[in-house]
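Chain residues, written in single-letter form:
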Amino acid sequence: MKVPLANRPWLTLGIGLALAAVVPWIASDFVASVALSCLMYIALATSWSLFCGATRYLSLATSAFFGLGAYSSASLLEVLPWPLVILSGAAVACVIAVVMGAAVLHLRGTYFAVLTFGMTELIRHAVTFVEKQVSGTVGRVLAVVPSNETVYLTVLAIAGAAIATAIAVKRSRFGLALAGIGADEQRAQTLGVDTRRYKIAGFALTAAFAGAVGAAMAVRWTYIEPAAVFSPFIGFQTVLIALIGGAASIGGPVVAAIVFSLLAETLRLQLPYGYMMVLGLLLILCVMYLPNGLASLWQRKTAALRGNGHD
Amino acid sequence: MSLTGWAELLAGGLITGGIYALVAIGLNLQYGLMRIMNISHGEFLMLGAFLTWWAHTTWGISPLVFLPVAFAVLMLIGMAVHWLCFRQVAARAPNVDVFEARSLMVGFGLMFFVQNTALLIWGGDLRGYEYLAEPVQVADMRFTANKLVLFGIALALSLALIALLKLTLLGKAVRALMQSPIGAQLVGINTKRLHPLMFGIGLGLSGVAGALLSMTYEISPSMGEPYTVTALIVITLGGFGSIAGSLVGGLLLGVVEALGMYFTSPSLKMLLSYAVFIGVLIWRPNGLFSR
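Rules and cut-offs
Residues numbered from 1 in each chain as written. Chains lettered and ligands numbered in written order. Predicted model: local features only at pLDDT ≥ 70, side-chain atom pairs only at ≥ 80, totals over all residues. Helix = DSSP H or I, 4+ residues; strand = E, 2+ residues; numbered from the N terminus. Rg over C-alpha atoms; globule rule 2.2 N^0.38 Å. Buried ≥ 20, exposed ≤ 12 C-beta atoms within 10 Å, placed from the backbone. Contact = placed C-beta atoms within 7 Å. Expected span 1.5 Å × (residues − 1). Axes fitted to C-alpha atoms, helices over the stretch in contact; angles between N-to-C directions. Parallel < 35°, antiparallel > 145°, perpendicular 65-115°, else oblique. Nonpolar A, V, L, I, M, F, W, Y, C, P; charged D, E, K, R; others polar. Core = buried A, V, L, I, M, F, W, Y, C linked by C-beta atoms within 7 Å. Pairing = 2+ DSSP bridges. pLDDT = per-residue confidence, 0-100.

**Considering the overall build of chain B**
For step 1, the next point in the chain: The helix and strand tally for chain B stands at eleven helices and two strands.
For step 2, the next point in the chain: When the helices and strands of chain B are placed in sequence order, the string is α-α-α-α-β-β-α-α-α-α-α-α-α.
For step 3, the next point in the chain: Radius of gyration (C-alpha) of chain B: 19 Å, near the 19 Å computed for a compact globule of 291 residues.
For step 4, the next point in the chain: Principal-axis analysis of the C-alpha atoms places the extent of chain B at approximately 55 × 45 × 35 Å.
For step 5, the next point in the chain: Every one of the 291 residues in chain B was classed for burial, and the buried ones make up 49%.

**With respect to the overall build of chain A**
For step 1, the next point in the chain: Across its full length, chain A carries 16 helices and two strands.
For step 2, the next point in the chain: Computed over its C-alpha atoms, the radius of gyration of chain A comes to 19 Å, within 12% of the 19 Å expected for a compact globule of 311 residues.
For step 3, the next point in the chain: Expressed along its principal axes, the backbone C-alpha trace of chain A runs to roughly 60 × 45 × 40 Å.
For step 4, the next point in the chain: In chain A, which comprises 311 residues, the share counted as buried stands at 46%.
For step 5, the next point in the chain: A separation threshold of at least 6 residues defines the contact pool for chain A, and within that pool the share at least 24 residues apart is 81%.

**Digging into unusual backbone geometry**
For step 1, the next point in the chain: Even without glycine at this site, R56(A) takes up a positive phi of about 60°.
For step 2, the next point in the chain: Turning to its location among the elements, R56(A) is positioned in the loop between α4 (29-55) and α5 (62-76).
For step 3, the next point in the chain: Judged by local crowding, R56(A) falls into the buried class, with 21 C-beta atoms found within 10 Å.
For step 4, the next point in the chain: For R35(B), which is not a glycine, the phi torsion comes out positive at approximately 60°.

**Some thoughts on helix α4 (residues 96-122) of chain B**
For step 1, the next point in the chain: For α4(B), with 27 residues, the first-to-last C-alpha span of 38 Å sits near the 39 Å given by 1.5 Å per residue.
For step 2, the next point in the chain: Of the residues trailing α4(B), G123(B) is marked for its positive phi of about 75°.

**Quick word on the packing of helix α1 (residues 3-34) of chain B against helix α9 (residues 224-238) of chain B**
How two helices sit against one another is set out by the angle between their axes and by the gap between those axes.
All names here are of chain B.
For step 1, the next point in the chain: It is at 8 Å that the axes of α1 and α9 come closest, and there the two elements cross at 70°. Judged on the interaxial angle alone, α9 and α1 are roughly perpendicular. Across the interface between the two elements, Y20, A21, V23, A24, L27, N28 and Y31 of α1 pack against Y227, T230, A231, V234 and I235 of α9.
For step 2, the next point in the chain: Class assignment of the residues belonging to the contact of α1 with α9 gives a composition of ten nonpolar, two polar and no charged.

**Examining the interface of chain A and chain B**
For step 1, the next point in the chain: Contacts between the two partners involve 30 residues from chain A and, on the opposite side, 33 residues from chain B.
For step 2, the next point in the chain: Among the secondary structure elements, those contributing two or more residues to the side of chain A that touches chain B are α6 (82-104), α7 (109-135), α13 (232-245) and α15 (272-289) of chain A.
For step 3, the next point in the chain: The element contributing the most residues to the side of chain A that touches chain B is α7(A), with 13 residues.
For step 4, the next point in the chain: Of the residues contributing to the side of chain A that touches chain B, the split by class is 24 nonpolar, five polar and one charged.

**Details of the nonpolar core**
For step 1, the next point in the chain: A43(A), V155(A) and V213(A) are the most contacted members of the largest nonpolar core, which totals 184 residues.
For step 2, the next point in the chain: Among residues more than four places away in sequence, those in contact with A43(A) are V155(A), I158(A), A159(A), A162(A), F209(A) and V213(A).

**What about the pairing of strand β1 (residues 135-138) of chain B?**
All names here are of chain B.
For step 1, the next point in the chain: As judged from the four bridges shared by β1 and strand β2 (residues 141-144), these two strands associate in the antiparallel manner. Each bridged residue has a counterpart across the sheet, and for V138 the counterpart in β2 is M141.
For step 2, the next point in the chain: Adjacent in sequence and paired antiparallel, β1 and β2 are bridged by two residues, among which A139 carries a positive phi angle near 50°.

**Some points on the packing of α5(A) against α7(A)**
Residues and elements named next belong to chain A.
For step 1, the next point in the chain: Two elements in contact, α5 and α7, have axes separated by 9 Å at closest approach and are oriented at 25°. Our classification of the angle between α5 and α7 gives roughly parallel. Contacts between α5 and α7 involve S63, A64, G67 and Y71 from the former and M119, T120, I123, R124 and V127 from the latter.
For step 2, the next point in the chain: Of the residues belonging to the contact of α5 with α7, the class tally is five nonpolar, three polar and one charged.

**Section: the confidence of the model for chain A**
For step 1, the next point in the chain: Per-residue confidence for chain A gives a mean pLDDT of 84, with 94% of residues at or over 70.
For step 2, the next point in the chain: Across chain A, helix α11 (residues 195-221) of chain A holds the top mean pLDDT of 92, while helix α1 (residues 2-7) of chain A sits lowest at 55.

Set out below in structure tokens:
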């Protein structure tokens, strides 16, 4: 069953979106909020692996873009119509990503990971400082917010767009270039790929989705502060989901996002520390024993079915 | 500002810098030698601090007497962690780049695990105890005694480690391994024994730093992460793999932070550290003192 569906990604995506779209009208509030958090992490993890999975640049800056989106949403919510708020969240994150990418994307590996983490903290502290000095507050209260259904459908649309973009990019020249950078950057350069431009474009694309998600989710919280929206936890969980799912695939992160959101929403309230301990252990075990993610489980099966047992 | 004021400011910076150096040297041993960017390093500092606090408040053991115990316990934990996790990651990774990325993720996992285990056991409150808290007059400057002890021990340990690496056969083996892992193995250096040992020593140093910190500052389960970040900044300043660089970098960062905080505001402390860090990584990714 999985194999034919995996071969028709657009159909699968369409069915999935249609099913997910009716959730807020038929399910309880709790289920709807779990579904919303699923969608949020689907959008974040899919867009993360779009760039970071293909190029193997480990970015920890997702929380920075998420937070930037949330803050632009908070400050523009009362002056702009809702769709433009989301777009401006994406645009702000995108612009920052281009600047950040131009500065740091020449570094690889650990340097890049650590630097993106540092940049996130820098942005968080900078926003905190500006808020304290200029606005004289630490957090912001969002008074007029769109209805829950609107927020849900918006995040659903963003998640759908992220998956659609991931599918489209994977089959395009752009996707090939990104994969080429991941396999061997120097060779890609020699073959005429302008790696610098492609990397910045990919990084900005990832950031735009994270910014849009941040902008949409900000209104759900009604009160936002830097410590919450720039929480490194959002970035870590995104990376974790993408890696556990298998960052090189599209289905893997989606499945992992659903599993993790369910786990998080049910366990986190009762056992916050226990949940984080389990998360840490899972991450370690996954890196040790399943380094290519859950996706490698069914990819191996597919390959075996086709009779060319790779691995 | 008077001359004494300046001297006090600089000395205060150096004292903080001594701790930074000690933590950073531990991290640098792990990264320089094994390419393990151990992002959970600060969590083990926190463990060291809590063990010391616990021993002092429950059994009344003097923190100074407990220092070697903290080192030994953390060293054993470090060797166990290396044996359980990193050894296997290294065995499965096809090349060094992949190993670095994977061990970074294992580090994040350890960070979550250790920090939340501590939260579960001790709760999130700030804790502390009084030890050697009376002020001491040095020239015209005044410090609490525990800060001077802290600085002395941190500096002595750092220098001792540098001497160990420079003067002994073990140190020679470690330096050889840093220069060329394959070459070192060819001349008969046993990486299987050296790697866990050095990983353990790195965590042990972090534990000692935590024990020292618990004498002067209040401790909490979330205290580790800022020190990890600071240690990252320091080893970037001093250069990956350079122990002497870490010592100088640590002291330098302590002074820069002290001056920066004095002239701007304490709330800018982290902003300053990150700005220094990002600036150095972008302009001199191999460290300030690299040739």
